[in-house]
Amino acid sequence: MRYSTDDLRAAVTAGVLPSTQLDALLAFLTARVPEQPAAGPKFDVVHLLWYAGALVVISAMGLFSTLAFSQMGGPALTATALVYAGLFTAAGNYLWTVKKLRTPGGLLIAVAVAMTPLAVFGIQDAYGAWTEFGKPAAMRDFYVWIKGSFVFMELATIAAAIVALQFYRFPFIVFIMAVALWFLSMDVVPWITGAGYGNWEMSRKISVWFGLGILVAAVIVNLRQRSGDFAFWLYLFGVLTFWGGITATSNGTNLDKALYCLLNVGFLLISVALSRRVFAVFGTIGIAIYLGDLAEKIFKDSMLFPFALSLIGIGIIALGLYVHRHQRDIGTWVDARLPESLKRLRAEPVAGQA
């Protein structure tokens, strides 16, 4: 079991640890931090604002691509994307290397990487390479269809992310790469299988298997990482695509829905074992979906249905309060029973980290 700085200070306050030894102990533990698997990204108000700002910029440029294509053309879009990428790279590098502000600097680098598909898209249009089934394609919406010419955008984005990671070891860049890989899977698999584009069931199955593959990759990265929680974003995107694909199953039987609930219970157990909250979040949502569907069948056309849903919500909140209150005891119990090989997968704060 690892302990935080607050725990050590509490030990001093309680008289268990001499105050004269606290600074020396903190310095020793801080020096050992790079040898330990790092905790997940910190999400206080400041960090949430930084991440939200980066996502807003990326979304804005996606919207801009749709408008710019019809009004300015491909060359203007490429020029704008390259200027944006250059400015964001310069600003991110300054914050990263000079100011030592790794999170905002890394996010700006990630935004620069996210400009890659826009630049490639503009180049394709400028040279008449943007095609749809062999014919010139009319641009409808940048995010609506993922078709042949998108492959080059996806591959270029993955390459840009790999290059960026060589210079800036920032985990969120892995998330950008994972998204590009998901788009690539949506594009390549229908082409290989001959299932055609726009096949909802095929897309759902691709998401399930792709998400499962990303989760396996997250475990491997989790075991090998030494500094920076690169596995965090892989877990997040892997769970999102896998859970999303499973949840999107339509017309399931009662047995299918019960197995779905069991899967989400398994997510809660994985969350406890690995100390990864993303599994708990989606597992809880999945259980709520199942219980809501069950309540709707039991109390169909009944005034009791809203009350049943309310009880489900209250029960989930109570479970959250219980876990929060006993989180340390649960962690200690799990630590005592996990084999050493699996303990490295647990994402826990270490002394010296906030």
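Along the chain, the regular secondary structure elements total 15 helices and 2 strands. Per-residue burial over the chain gives 38% buried out of 354 residues. Look at the contacts in the chain between residues 6 or more apart in sequence, and 65% of them connect residues 24 or more apart. For the chain, the exposed area adds up to about 19,700 Å²; of that, 69% sits on carbon and sulfur atoms.

Further remarks concern the environment of Ser271. By the secondary structure assignment, Ser271 is in helix H11 (residues 254-274). Residues Ser271 and Gly283, 12 residues apart in the sequence, show an inter-C-alpha distance of 8.8 Å. With sequence-adjacent residues up to four places away left out, Ser271 is seen in contact with Arg276, Arg277, Phe279 and Ala280. A polar contact of 3.0 Å, which involves the side chain of Ser271, links it to the backbone oxygen of Arg276.

Let us now look at unusual backbone geometry. Outside of glycine, negative phi angles account for most residues, and trans bonds account for most peptide bonds. Here the phi dihedral of Lys100 falls at roughly 60 degrees; this positive angle occurs in a residue that is not glycine. By the secondary structure assignment, Lys100 is in the loop between helix H4 (74-98) and helix H5 (102-114). Given the relative accessible area of 54%, Lys100 is considered exposed.

Compared with the 26 Å implied by 1.5 Å per residue over 18 residues, the 26 Å span of helix H10 (residues 230-247) between its first and last C-alpha is a close match. Counting buried residues in H10 gives 13 out of 18 residues, a clear majority hidden from the surface.

Residue position: Thr241 is located in helix H10. Polar contacts involving the side chain of Thr241 include one to the main-chain carbonyl oxygen of Phe237, which spans 2.9 Å. Look past the residues within four positions of Thr241 in its chain and what remains in contact with it is Trp182, Ser207, Val208, Phe210 and Gly211.

Before going further, it helps to spend a moment on the packing of aromatic side chains. The full count for this structure, using the stated rule, is 16 aromatic pairs. Of the aromatic side chains, those joined through ring pairs into one cluster are Tyr51, Phe172, Phe175, Phe210, Phe232, Trp233 and Phe237.

Moving on, we come to the pattern of salt bridges. Pairing of side chains with opposite charge becomes possible as their charged atoms draw close. With the rule as written, the count across this model stands at 1 salt bridge. The closest approach of N and O atoms between Asp293 and Lys257, which form a salt bridge, is 3.3 Å. Of this pair, Asp293 sits in helix H12 (residues 277-298) while Lys257 sits in helix H11; the two residues are 36 residues apart in sequence, bridging distant segments of the chain. For Asp293, a relative accessible area of 27% puts it in the partly exposed group.

What follows is about the confidence of the model for the chain. Per-residue confidence for the chain averages 76 on the pLDDT scale, and 70% of its residues sit at or above 70. Across residues 33-39, where pLDDT falls below 50, the model places 17 contacts with residues more than four positions away in sequence or in other chains. Taken together, the stretch residues 349-354 has pLDDT below 50 and engages in 19 contacts with residues farther than four places along the chain or on a different chain.

To continue, consider a nonpolar patch on the surface. A surface patch of nonpolar side chains, amounting to about 500 Å² of accessible area, comprises Leu255, Leu259, Leu262, Val265 and Leu269. Structurally, the position occupied by Leu259 is in helix H11. Overall, the relative accessible area of 47% leaves Leu259 in the partly exposed class.

Once that is clear, we can look at the packing of H11 against H12. H12 packs onto H11 with a crossing angle of 150 degrees between their chain directions and a minimal axis gap of 7 Å. In terms of axis orientation, H11 runs roughly antiparallel to H12. The interaxial crossing formed by H11 with H12 has left-handed handedness. Residues Asn254, Lys257, Ala258, Tyr260, Cys261, Asn264, Val265, Phe267, Leu268, Ile270 and Ser271 of H11 pack against Arg277, Phe279, Ala280, Phe282, Gly283, Thr284, Gly286, Ile287, Ile289, Tyr290, Asp293 and Lys297 of H12.

It is worth spelling out H5 at this point. With 13 residues, H5 extends 18 Å between its outermost C-alpha atoms, agreeing within 8% with the 18 Å of an ideal straight helix rising 1.5 Å per residue. Taken across its 13 residues, H5 has 11 buried, putting it largely inside the fold. Every buried residue belonging to H5 is among Thr103, Pro104, Gly105, Gly106, Leu107, Ile109, Ala110, Val111, Ala112, Val113 and Ala114, and all of these are buried.

Our focus in this paragraph is the packing of H5 against helix H6 (residues 116-126). Between H5 and H6, whose axes approach to 4 Å, the crossing angle comes to 20 degrees. What the angle tells us is that H5 and H6 run roughly parallel. Mapping the contact onto sequence places Ala112, Val113 and Ala114 in H5 and Thr116, Pro117 and Leu118 in H6. Split by residue class, the contact of H5 with H6 holds 5 nonpolar, 1 polar and no charged.

Secondary-structure assignment places Ser185 in helix H8 (residues 172-193). For Ser185, a relative accessible area of 12% translates into the label buried. Not counting the four nearest positions on each side in its chain, Ser185 is found in contact with Pro190, Ile206 and Phe210.

Criteria and cut-off values
Residues numbered from 1 in each chain as written. Predicted model: local features only at pLDDT ≥ 70, side-chain atom pairs only at ≥ 80, totals over all residues. Heavy atoms only, no water. Helix = DSSP H or I, 4+ residues; strand = E, 2+ residues; numbered from the N terminus. Buried < 20%, exposed > 50% of the residue type's maximum accessible area, 1.4 Å probe, protein only. Contact = heavy atoms within 4.5 Å. Areas by Shrake-Rupley, 256 points an atom, 1.4 Å probe, with all protein chains shown as cover. Polar contact = N/O pair within 3.5 Å; in protein donor to acceptor, adjacent residues only side chain to side chain. Expected span 1.5 Å × (residues − 1). Phe/Tyr/Trp six-rings, centres within 6.5 Å; stacked < 30°, edge-to-face > 60°. Salt bridge = Lys/Arg side-chain N within 4 Å of Asp/Glu carboxyl O. pLDDT = per-residue confidence, 0-100. Patch = residues over 30% accessible without salt bridge, like charges linked within 9 Å, V, L, I, M, F, W, Y side chains within 5 Å. Axes fitted to C-alpha atoms, helices over the stretch in contact; angles between N-to-C directions. Parallel < 35°, antiparallel > 145°, perpendicular 65-115°, else oblique. Left-handed = near helix turned anticlockwise from the far one by under 90°. Nonpolar A, V, L, I, M, F, W, Y, C, P; charged D, E, K, R; others polar.

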